[in-house]
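Here's the letter readout for the chains.
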Amino acid sequence: MATAPFDRHERETMRIGIIGAGNIGSTTALRLSSAGHDVSIANSRAPETIAASTLETGARPRWAAEVTDSADVVIVSVNMGQVPAIADLVRAAPSSAVVIDTSNYYPARDGHIDALDEHDAVESLWVAGHYGRPVAKAWNAITAASYADRSSERGAVGRIAIPVAADSSTLRDVAMTLVEDTGFDAVHTGPIGDSWRHQPGTPAYCTDLTRDELEAALAIADRGRSARRRDLVMDVVSERVQADGGIGGDRLVALNRAVY
């Protein structure tokens, strides 16, 4: 008899397929394989092009067409503009698999998406529409530098919190468990329709907050101002890239706190 989805997700070890081997996807692969999960990761090229450092704790490189096979959880960590191109890979995952979206919309990088620009659609609802299945949203609201360097043990003073949005208890519980396994406090922010509260330009986005601070930041989010604030920070970052070659993680967090 087939295993019920909730039974599968209650196991200590989950089979996890990660689509996307950039900074967030690679760190997630490292952390979750170190936590004992069975992790596979794919990029848009051949498995051998995935950095050896991503595989140090046991994650396995796979072709993108294979990475969701038999997965309990599919974590999609690609730029928003790539979502339509990889949607078929997500749809091919087992129907019981939990899908977690880590993406954020940046028009300068992703190209303008009318549904997000003109109709103010919630980003992860737009993503879920392409995948044809519900998603949880997690790991979108932390910088790559903080994610790589600022994890800590459960109960640590000042532990950074990561927001998690999901409609069902199964998606919520799986996503929150995995966020905790990567070394951060998980804070449920409500259904996916409310995940705009931790999209770019909001006080909760990439500002390295504790659980209590994050809950307060989510409460004061202003949907009408977030896109303008997002673009303002991107303008500053672009200037710093041209002038200095980039902006460090701590400086970026400070900038986000000042603007958002």
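So, a few notes on the structure that sits alongside this text. (Residues numbered from 1 in each chain as written. Predicted model: local features only at pLDDT ≥ 70, side-chain atom pairs only at ≥ 80, totals over all residues. Heavy atoms only, no water.)

1. A closer look at the side chain of K137
This is how it is decided: Helix numbers and strand numbers start at the N terminus; a helix is a DSSP run of H or I with at least 4 residues, a strand a run of E with at least 2. Polar contact is defined as a pair of N or O atoms within 3.5 Å, subject to the rule that within protein one atom must be able to donate a hydrogen and the other to accept it, and that residues adjacent in sequence are counted only when both atoms are side-chain atoms. Two residues form a contact once any of their heavy atoms are found within 4.5 Å.
Here K137 is to be found in strand β6 (residues 136-137). Engagement of the side chain of K137 in a polar contact is seen with the backbone oxygen of S103, the distance being 3.0 Å. Within the local environment of K137, its side chain forms a polar contact with the side chain of S124, the two groups lying 2.9 Å apart. Leaving out residues up to four positions away in the same chain, K137 has contacts with D101, S103, E123, S124, P163, V164, A165, I192, S195 and H198.

2. Here we look at unusual backbone geometry
Backbone geometry at S70 places phi at a positive 60 degrees, although glycine is not the residue there. For W139, which is not glycine, the phi torsion reads 60 degrees and is therefore positive. Note that W139 resides in the loop between β6 and α7 (144-149).

3. Notes on helix α9 (residues 211-219)
What counts here: Only protein chains enter the accessibility calculation, which uses a 1.4 Å probe; a residue is then buried when its area is under 20% of its type maximum, exposed when over 50%, and partly exposed in between. Arc, as used here, means the arc of the directions from the helix axis to the C-beta atoms.
All of the buried residues in α9 are L214, A217 and L218. Viewed end-on, α9 has its buried residues packed into an arc of 100 degrees, placing them on one side of the element. Seen from the open side of α9, the exposed residues pointing more than 90 degrees away from its buried face are D212 and A219. Along its buried surface, α9 packs onto β7 (161-165) and β8 (185-190).

4. Things to note about helix α3 (residues 83-91)
Of all the residues in α3, the buried ones are V83, I86, A87 and V90. Mapping the buried residues of α3 onto a view down its axis gives an arc of 145 degrees, with all of them on the same face. Every exposed residue of α3 that faces more than 90 degrees away from the buried side is listed here: A85 and D88.

5. Points about the packing of helix α10 (residues 223-244) against helix α11 (residues 249-259)
Here is the rule we go by: For every element, the axis is a line fit to its C-alpha atoms; helices are fit only across the contacting stretch, and the angle between N-to-C directions ranges from 0 to 180 degrees. For any helix crossing, the convention is left-handed if the near helix is rotated counterclockwise from the far helix by under a right angle, and right-handed if that rotation is clockwise. Note on residue categories: nonpolar means Ala, Val, Leu, Ile, Met, Phe, Trp, Tyr, Cys or Pro, charged means Asp, Glu, Lys or Arg, and polar means any other residue, Gly included.
As a packed pair, α10 and α11 sit with axes 10 Å apart at the nearest point and diverge in direction by 150 degrees. In this structure, α10 crosses over α11, and the sense of that crossing is right-handed. Facing R229, L232, V233, V236, V237, R240 and D244 of α10, the residues of α11 in contact are R251, L252, L255, N256 and V259. Residues that form the contact of α10 with α11 fall into these classes: seven nonpolar, one polar and four charged.

6. Some details on the pairing of strand β4 (residues 73-76)
Put simply, the test is: Two strands qualify as a pair provided that DSSP identifies no fewer than 2 bridges between them. Crossover handedness is defined by viewing with both strands directed away from the observer: a clockwise path from the first strand over the helix to the second marks the crossover as right-handed.
The two faces of β4 match: V73 and I75 on one face and V74 and V76 on the other face are all buried. Strand direction decides the pairing type here: strand β1 (residues 15-19) and β4, joined by four bridges, are parallel. If you follow I16 over to β4, its bridge partner there is V73. For the crossover that starts at β4, traverses α3 and ends in the parallel strand β5 (residues 98-101), the hand is right-handed.

7. Some words on the pattern of salt bridges
Threshold: Definition used for salt bridges: Asp or Glu carboxyl oxygen within 4 Å of a side-chain nitrogen of Lys or Arg.
Within the structure shown, the criterion is met by 18 salt bridges. Across the pair K137 and D101 runs a salt bridge, and its minimum N-O distance is 3.7 Å. Taken as a pair, K137 in strand β6 and D101 in strand β5 lie far apart in primary sequence, 36 residues in all. Of the two residues, K137 and D101, neither departs from the other in class, the shared state being buried. Put simply, R172 and D173 hold a salt bridge, and the shortest N to O gap is 2.9 Å. Residue classification places D173 among the partly exposed positions, given a relative accessible area of 39%. In this structure, a network of salt bridges that share partners links the residues R154, R159, E180, D181, D185 and R211.

8. With respect to the pairing of strand β2 (residues 38-42)
When you tally the buried positions in β2, you get four out of five residues, the bulk of the element. Bridge analysis of β1 against β2 gives five bridges, and the strand direction is parallel. Within β2, the position partnered with R15 by the bridge is D38. Since β1 and β2 lie parallel, the crossover through helix α2 (residues 23-34) that links them has a hand, and here it is right-handed. Pairing of β2 with strand β3 (residues 60-61) involves two bridges; the strand directions are parallel. The partner of I41 across the bridge, within β3, is P61.

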